[in-house]
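What follows is each chain in one-letter form.
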Amino acid sequence: MTRLPSLRPRRRARLVAVAAAALSTVLLAAGCGAGTTGAGSVSPSGVPRSGGTLDLAFWPDNTAFACVDPFQTYWIEHRTVIRNVADSLTDQDPATGKIVPWLATSWKVAGSGKSYTFTLRDGVTFSDGTPLDASAVKTAFDGNAALLKELPTAYGGVYTAGYAGTDVIDDHTVRVRFSTPNAAFLQATSTTNLAILSPASYSKTPEQRCLGQVVGSGPFTLDSYRPTEGIDLSRRPGYAWPSALNAHAGDAYLDHIKISYVAEDSVRVGNLTSGAIDVAWPRNPFGPEQIAQLEGNGDSVQSRPLPGPASALYPNTAPGRPLADAAVRQAVQKGIDRATYAHTIYGADYPVVQGPYDTTTPYAVSQAAALAYDPDGAKRLLDAAGWTPGADGIRARDGQRLTLVEAITTETPGDVLLQDQLKQIGIEVQLKVSTVAERPSVITSGAYDLIGTYYTRADPGVLQWILDPAISGSKALAQNSQTPATAAKIKSLFDAGIAETDAKERAEVYAELQEQLVTQGVSFPVFERVQQAGLSPKVHGFRWTSESFGSFYDVWLDS
């Protein structure tokens, strides 16, 4: 176990109590934050029937990185596709966060998270007929490691830090080893990104895998992936190894799933209300008017927060930038009216963000008190720091106007609302629009003060891939977001969390981490990231996974 000697006894006790209570609350919230009324899944009505094609419309495909390979893609819509094609060693209960058997029937963790031994289920085959055995699992993890050497930015690397190798103990027993503790690996084995593919898949090039030459053991087979056009899935006959989180066993009910990409939200919603599609799947939550339109038509809107970081802005604290001043960071934290943001942009029932993590993230602890809207407190902080209001209300100090540049790729009503909120305390926000392709150079050059990013994973360690310069997908963003002293503290907490296998101790570590992220102004949470799906009334059996992706295994359609 890893402990934190820096914690004072009273504070430590308080954090343990808060964290333990919060873990319980959060995991309960993970199960209760879904569905139109809070259910973890949508109970089918009537008797399930087999047959039919589910027509589903995503928002546009990722033109910068068209990919459906589990280990490479970060695109959350494609991870929903993968969840229905490829199985994982374990599954994670969205209601409790508990890891449950799937392709592995049991496991043992040893060496403080450096060794994981799995016993595999009998009788599982991939859709190309290859049996799942220990050699196949070794091929999968070794293949991922080889790909990571070729493509260090492959998203699956988030889960396999310290991977040292896989040993075949016998046909049904396999051991995965790490050079350093990886306490989050068991949860990682439940994710889509570490889904186990047929050994033949790993002989393909990364490009071939991205374009759909992957074979899983799931209830559907991937017939085709046509970037920017669509994806087709078909039911796999003989499927018999779902995890216990599903409502039935045996073949999936649907014959086919036909996926299209629709650019405009209004068109996608219109297609659902007209009956042209069965599921409308937006990237951003529906607006209040769209929800009213859908529900007025008899459709339902299913919701679940995406686990991982909330939608937040990360600062540039480089010397000379306004947010290098701790008082300005604290004032921004107090100057964001998060309740008004949630209710204005997404509707009266939309959850208000409570901290750096969404509420479906295990170990998330509410920081609502520290994030309370306090414009007068923000003004006092800025006054004391020497930032005085000018004639137009915008503050300045020593001739420097208090202007923050927010780097965005598309201007949204939320950006404008946030701009107005910070103006009320004397901070000017300039919205600087750049293309997705230009974004990396914007970050590298440091020509911004605020920027948003996120990952989706049901483990708090995922934030390390944003804020730890050693492993972050953007070293510049990670370095810019923290002063050196704060970065050292934050890294020590991330390192402690990834090395700790005891749930209570992990809760303590991540509770302090979240407190630091808010009080030091490393993360400015703006809103809870909620995944939604609009469903036709003829769709039954839809279920959210722990990653807030869609499971269509139990789905069936009215005749």
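Under an unreviewed UniProt entry, the name given to the chain is Peptide/nickel transport system substrate-binding protein, and the source organism is Microlunatus antarcticus. Under the heading Sequence similarities (unreviewed entry), UniProt records this for the chain: "Belongs to the bacterial solute-binding protein 5 family." Recorded in UniProt for the chain, the comment headed Subcellular location (unreviewed entry) runs: "Cell envelope".

Q: Explain the pairing of strand 4 (residues 104-110) to me, please; I cannot follow it from the model alone.
A: The two faces of a sheet get side chains in turn, since along a regular strand they alternate between them. Of the strand pairs in this sheet, strand 4 and strand 5 (residues 115-120) are connected by 6 bridges, and their pairing is antiparallel. Pairing of Trp107 across the sheet is with Phe118, part of strand 5. Counted along the chain from strand 4 to the antiparallel partner strand 5, the turn is 4 residues long, and its residue Gly111 has a positive phi close to 65°.

Q: Just checking my understanding: could you explain the UniProt feature "domain: Solute-binding protein family" (unreviewed entry) in the chain for this structure?
A: The sites that carry the UniProt feature "domain: Solute-binding protein family" (unreviewed entry) are, in the present numbering, residues 98-457. As a span, residues 98-457 carries 26% helix and 24% strand, and end to end its C-alpha atoms are 14 Å apart.

Q: How should I be thinking about the sheet that holds strand 5 in this particular structure?
A: Within a sheet, each strand pairs with its neighbour through backbone hydrogen bonds, oriented either parallel or antiparallel. Taken in spatial order, the 4 strands of this open sheet run 4-5-7-6, and their pairing is antiparallel. Every other strand in the sheet has two partners, leaving strand 4 and strand 6 (163-170) as the edge strands with one partner each. Sheet twist, expressed as the average angle between the axes of neighbouring strands with direction ignored, equals 20°. Set on the sheet, helix 3 (residues 134-150) makes contact with strand 5, strand 6 and strand 7 (173-178); between it and strand 6 the angle comes to about 170°.

Q: Mind showing me how you'd approach the environment of Ala161 here?
A: If you trace the backbone, Ala161 turns up in the loop between helix 3 and strand 6. C-alpha separation for the pair Ala161 and Phe286, spaced 125 residues apart in sequence, amounts to 36 Å. With sequence-adjacent residues up to four places away left out, Ala161 is seen in contact with Phe178 and Asn182.

Q: Would you mind showing me how to read the packing of helix 15 (residues 484-498) against helix 16 (residues 503-519) here?
A: To describe two helices that pack against each other, one gives the angle between their axes and the distance between the axes. Put simply, helix 15 and helix 16 touch, their axes get as near as 9 Å, and they point 155° apart. With respect to helix 16, the element helix 15 is oriented roughly antiparallel. In this structure, helix 15 crosses over helix 16, and the sense of that crossing is left-handed. Along the contact surface, helix 15 presents Lys489, Ile490, Leu493, Phe494, Ala496, Gly497 and Ile498, while helix 16 presents Arg506, Val509, Tyr510, Glu512, Leu513, Gln516 and Leu517. Partitioning the contact of helix 15 with helix 16 into residue classes produces 9 nonpolar, 2 polar and 3 charged.

Q: Sorry if this is basic, but what is going on with the packing of aromatic side chains here?
A: Both the distance between ring centres and the angle between the ring planes are used here to describe each pair of aromatic rings. Tallying each qualifying case throughout the model produces 23 aromatic pairs. When the ring of Tyr74 is compared with that of Trp75, the centres are 6.1 Å apart and the planes differ by 70°; the resulting orientation is edge-to-face. Through a chain of ring-to-ring contacts, the aromatic side chains of Phe58, Trp281, Phe542, Trp544 and Phe552 assemble into a single cluster. Over the aromatic face of Trp75 sits the side chain of Arg283, whose NZ or CZ is 4.5 Å from the ring centroid.

Q: Can you help me understand the sheet that holds strand 20 (residues 524-527) in this one?
A: The strand order 18-17-19-13-20 describes an open sheet built from 5 strands, whose pairing is mixed. At either margin of the open sheet sits one strand with a lone partner, and together these are strand 18 (428-433) and strand 20. Within the sheet, the average angular offset between the axes of one strand and its neighbour, ignoring direction, is 30°. Sheet topology places strand 13 (residues 311-315) next to strand 20; 3 bridges connect them, and they run antiparallel. Bridged to Ala312 within strand 20 is Pro525. Running at roughly 155° to strand 18, helix 11 (residues 413-423) makes contact with strand 13, strand 17 (403-408) and strand 18 of the sheet.

Rules behind the numbers
Residues numbered from 1 in each chain as written. Predicted model: local features only at pLDDT ≥ 70, side-chain atom pairs only at ≥ 80, totals over all residues. Heavy atoms only, no water. UniProt positions renumbered as here; feature names shortened; annotations may be inferred. Pairing = 2+ DSSP bridges. Helix = DSSP H or I, 4+ residues; strand = E, 2+ residues; numbered from the N terminus. Axes fitted to C-alpha atoms, helices over the stretch in contact; angles between N-to-C directions. Contact = heavy atoms within 4.5 Å. Parallel < 35°, antiparallel > 145°, perpendicular 65-115°, else oblique. Left-handed = near helix turned anticlockwise from the far one by under 90°. Nonpolar A, V, L, I, M, F, W, Y, C, P; charged D, E, K, R; others polar. Phe/Tyr/Trp six-rings, centres within 6.5 Å; stacked < 30°, edge-to-face > 60°. Lys NZ or Arg CZ within 6 Å of the ring centre and 35° of its normal.

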